[in-house]
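Coordinate inspection notes
Letter by letter, the chains look like this.
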Amino acid sequence: MRARNLLLQIAPVFIVALTSFAAAQTASSAPTQSASAPAVSLDFDFFKTRIQPIFLKRRSPDHARCYACHASGTGPQYLVKLSPGSSSWNEEQSRTNFENVSNLVNPDDPMKSRILIHPLSPMAGGDTTVLHGGGRQFESKDDPDWKTIAEWVKGAKASSAAGR
Amino acid sequence: MHVYVTNLAGTTISVVDVDTNKVVQQIKDIEVPESIQPSPDGSRLYITQGPENVLTVLDRKTQKVIKKVPISGHANDLAVTKDGKYALVCISETPGALDIIDTTTLERIKTIPTKNRLHDIVLTGDSRYAVADSPQGKFAIVFDLKTLEPAWQVDFDQEALVPAIENNPDGSGRRLYIQLSRLLGFAVVDFETHKEVARITFPNDEPKVPPSGTPSHGLGVSPDRKTLWAVSRIYDAVFVYSLPDLKFIGRVHLPQVTPPGQNPVGGSPNWITFTPDSKMAYIANGADRSVSAVDMTALKVVARIPMGEEPGRMSTLLLP
């Protein structure tokens, strides 16, 4: 019984470790912002409900979805490929996405996070050292989706965003 | 005559009329279009796309999808043989392959496995051979299109990028030119001996700009076989060499992007195509969201044509 209890206690640790390993494998070709844990606490529920839909959204006729390049295309593979017939990610896939995308957050200076700066137009303060191969996905910091991502990297919680 | 431009970070293909140098049509709902080639008779457009492992076949006039042909993996560049019989698709997903699509049945008839991922592809003028590069594998591989088998391969000490072929008057391959990831210039391969015979470097007499991606991406021999055009991101220019002697003739500067309060960055020139009369060259500038129309005799930009998001590969179609 004691051995079984011990197994039950350590099983979640293994699951977390395996999830992290899978995330690392998935994002192996993806440049990471930081290997250390972010100073701000990134909220998974906010990510799942507010950030992930941005990755799947065609925001204008001129922009491909983030998903189009970062789940199966030529870009770094931060996102899990959707299961056949699915239009969104399940819990496990969302966890993997969360792990991968969290690595693009600068814990010391969230507003300089790669996820914010890289797809932002260089004319609006975006990356000029290596331009985003996927073009200017956000023309300005006034873009509502860019603002939502900014909220998340600064530590917004799903509960605090409820009702907006 | 039209130039078809893939807006590879978008969902459109822009069609430029070369008489006016203006966009006259937008083909929509093609997400992440990688490469586009017309059929020789101009009736169809073949398109590779980022998120879908298909070759999309469009009716050029109606813009309706004729078929999405399943292919063996994520595609990059494609080519169509001179007789229109085959569409050849580079598979850029590990382990890499060349897919061959029969354009009559619109079925994939063969997948030729390669040792690494393939990126760009060009054909000899007689369509006897196809040459594809593998950046990751650091090689260029030549396929015999009679046997549909690999014929020979040339290895490099760095990533092999965009290839171009100089043909003999009968359309057979004479020399293969190829851009390499750490070479500010291009390598020269003799088609008969299969050996690299020279490396040509660009004149280093002007300031460089931070490139977006690889330092070079875009190479082409003019249809009259008199000049070779090499696009450089790091110099934000296209360098022109005479053929067959490979003498530097001149360069054409391309648009830069200047963020407010910062130094200019490169406009990320991506690709080059020519009009069949060798009068005009068109160069896609990814970061500048434009195509430069260049007078090939005067070596001068005559128009900057606004494009969609990240214009990339292009092809020219002489309308039937």
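Residues numbered from 1 in each chain as written. Chains lettered and ligands numbered in written order. Predicted model: local features only at pLDDT ≥ 70, side-chain atom pairs only at ≥ 80, totals over all residues. Heavy atoms only, no water.

Our focus in this paragraph is the overall build of chain A. Summing up its helical and strand segments, chain A has seven helices and zero strands in all. Put simply, chain A runs from its N terminus to its C terminus through helices and strands in the order α-α-α-α-α-α-α. Expressed as a percentage of the 164 residues in chain A, the buried residues total 45%. Intrachain contacts of chain A at a sequence separation of at least 6 include 57% that bridge at least 24 residues. In the structure as shown, chain A presents an accessible area of about 8,600 Å², 57% of it carried by carbon and sulfur atoms. (Helix = DSSP H or I, 4+ residues; strand = E, 2+ residues; numbered from the N terminus. Buried < 20%, exposed > 50% of the residue type's maximum accessible area, 1.4 Å probe, protein only. Contact = heavy atoms within 4.5 Å. Areas by Shrake-Rupley, 256 points an atom, 1.4 Å probe, with all protein chains shown as cover.)

Bringing the domain arrangement of chain A into the picture now. The parts lose accessible area when they come together, and the size of an interface is often stated as this lost area. Residues and elements named next belong to chain A. As assigned here, chain A comprises domain 1 (62-100) and domain 2 (104-158). Summarising the inter-unit geometry, the C-alpha centres of domain 1 and domain 2 are found 18 Å apart. On the domain 2 side, the residues contacting the six residues of domain 1 number six residues. Approximately 520 Å² of surface area, both sides summed, lies buried where domain 1 meets domain 2, with 52% of it carried by carbon and sulfur atoms. Considering only the side of domain 1, the residues that lose the most area to domain 2 are His 63, Tyr 78 and Phe 98, jointly responsible for 63% of the buried surface there. On the surface where domain 1 and domain 2 come into contact, there are zero salt bridges. Linking domain 1 with domain 2 are one residue pair in polar contact (both at pLDDT 80 or more). Looking at the side of domain 1 that touches domain 2, its residues break down into three nonpolar, three polar and no charged. (Domains from an automatic or database assignment. Buried area = accessible area lost by both parts, 1.4 Å probe. Salt bridge = Lys/Arg side-chain N within 4 Å of Asp/Glu carboxyl O. Polar contact = N/O pair within 3.5 Å; in protein donor to acceptor, adjacent residues only side chain to side chain. Nonpolar A, V, L, I, M, F, W, Y, C, P; charged D, E, K, R; others polar.)

Time to look at the sheet that holds strand E29 (residues 300-306) of chain B. Residues and elements named next belong to chain B. Pairing is antiparallel across the open sheet formed by four strands, whose spatial order is E26-E27-E28-E29. Of all strands in the sheet, those bounded by a partner on one side alone are strand E26 (269-274) and E29. For this sheet, the mean inter-axis angle between neighbouring strands, taken without regard to orientation, is 20°. (Pairing = 2+ DSSP bridges. Axes fitted to C-alpha atoms, helices over the stretch in contact; angles between N-to-C directions.)

Residue and element names in this part refer to chain A. Where burial is concerned, most of helix H6 (residues 144-153) is hidden: seven out of the 10 residues are buried. Looking at H6, one finds that the buried residues are Asp 145, Trp 146, Thr 148, Ile 149, Ala 150, Trp 152 and Val 153. In this fold, the buried residues of H6 make contact with helix H2 (44-56), helix H4 (91-102) and helix H5 (114-117). Between the side-chain oxygen at the start of H6 and the backbone nitrogen of Asp 145 there is a gap of 2.8 Å, and the oxygen is on Asp 143. Where H6 terminates, the next one or two residues include Gly 155, which has phi positive at roughly 105°.

Now for the confidence of the model for chain A. Caution is warranted with low-pLDDT regions, since their predicted coordinates should not be read in detail. Of the residues in chain A, 73% have a pLDDT of 70 or more, and the chain-wide mean is 79. Counting contacts from residues 1-31 of chain A, a segment whose pLDDT is below 50, to residues more than four positions away or on other chains yields 19 contacts. (pLDDT = per-residue confidence, 0-100.)

A few words now on the layout of surface pockets. For the second largest pocket, the calculated volume is near 1,300 Å³. Lining the second largest pocket are 41 residues; nearest its centre among them are Gln37(B), Leu123(B), Pro223(B), Thr273(B) and Thr316(B). (1 Å grid on protein atoms, 1.4 Å probe; cavity = no way out; pocket = protein on both sides within 12 Å on 5 of 7 lines; lining within 4 Å. Points joined across faces, edges and corners; volume = space filled by probe spheres on them.)

Residues and elements named next belong to chain B. Sheet architecture is open: four strands sit in the order E16-E17-E18-E19, paired in antiparallel fashion. The open sheet is flanked by strand E16 (160-167) and strand E19 (196-201), the only strands paired with a single partner. In this sheet, neighbouring strand axes are inclined to one another by 25° on average, regardless of whether the strands run parallel or antiparallel. Pairing between strand E18 (residues 185-190) and E19: five bridges, direction antiparallel. Note on E19: the bridge partner recorded for Phe 186 is Ile 200.

All names here are of chain A. Mapped onto the fold, Asp 127 is located in the loop between H5 and H6. It is Arg 114 that comes nearest to the buried, bridge-free Asp 127 among opposite-charge side chains, at 4.3 Å. Sequence-distant contacts of Asp 127, defined by excluding residues within four places in its chain, comprise Arg 114, Ile 117, His 118, Leu 120 and Pro 122. (Lys, Arg positive; Asp, Glu negative; His and termini not counted.)

To continue, consider the interface of chain A and chain B. Taken together, the contacts link 24 residues of chain A with 29 residues of chain B. Across the chain A/chain B interface, buried area totals approximately 2,000 Å², and carbon plus sulfur atoms make up 47% of it. Linking chain A with chain B are four salt bridges, by the criterion used here. Among the ionic pairs, Arg65(A) bridges to Glu31(B), the shortest N-O distance being 2.7 Å. Applying the counting rule to chain A against chain B returns eight residue pairs in polar contact (both at pLDDT 80 or more). For the side of chain A that touches chain B, the class distribution of residues is seven nonpolar, 11 polar and six charged.

The next point concerns the pairing of strand E7 (residues 65-70) of chain B. All names here are of chain B. Of the strand pairs in this sheet, strand E6 (residues 54-59) and E7 are connected by five bridges, and their pairing is antiparallel. In the strand pairing of E7, Leu 58 is matched with Val 65. Hairpin connection of E6 to E7: five residues between the antiparallel strands, including Gln 63 at a positive phi of 65°.

Let us now look at the packing of aromatic side chains. For the structure on display, the rule yields 16 aromatic pairs over all chains. Taking 5.9 Å as the distance between ring centres and 85° as the angle between the ring planes, the aromatic pair formed by Tyr177(B) and Phe186(B) counts as edge-to-face. The pair formed by Tyr177(B) and Phe186(B) is uniform in burial state, with each residue classed as buried. Taking the centre distance of 6.0 Å and the plane angle of 45° together, the rings of Phe239(B) and Phe248(B) count as tilted. Put simply, the rings of Tyr177(B), Phe186(B), Phe202(B), Tyr235(B), Phe239(B), Tyr241(B) and Phe248(B) touch in pairs and so form one group of aromatic residues. Geometry around Phe44(A) places Arg95(A) over its ring, the cationic atom sitting 3.7 Å from the centre. Directly above the ring of Trp271(B) sits Arg313(B), whose terminal nitrogen or CZ lies 4.8 Å from the centroid. (Phe/Tyr/Trp six-rings, centres within 6.5 Å; stacked < 30°, edge-to-face > 60°. Lys NZ or Arg CZ within 6 Å of the ring centre and 35° of its normal.)

Turning our attention to the side chain of Ser92(B). Mapped onto the fold, Ser92(B) is located in the loop between strand E9 (86-91) and strand E10 (97-102). Setting aside residues no more than four positions away along its own chain, Ser92(B) makes contact with His74(B), Ala75(B), Asn76(B), Arg117(B) and Leu118(B).

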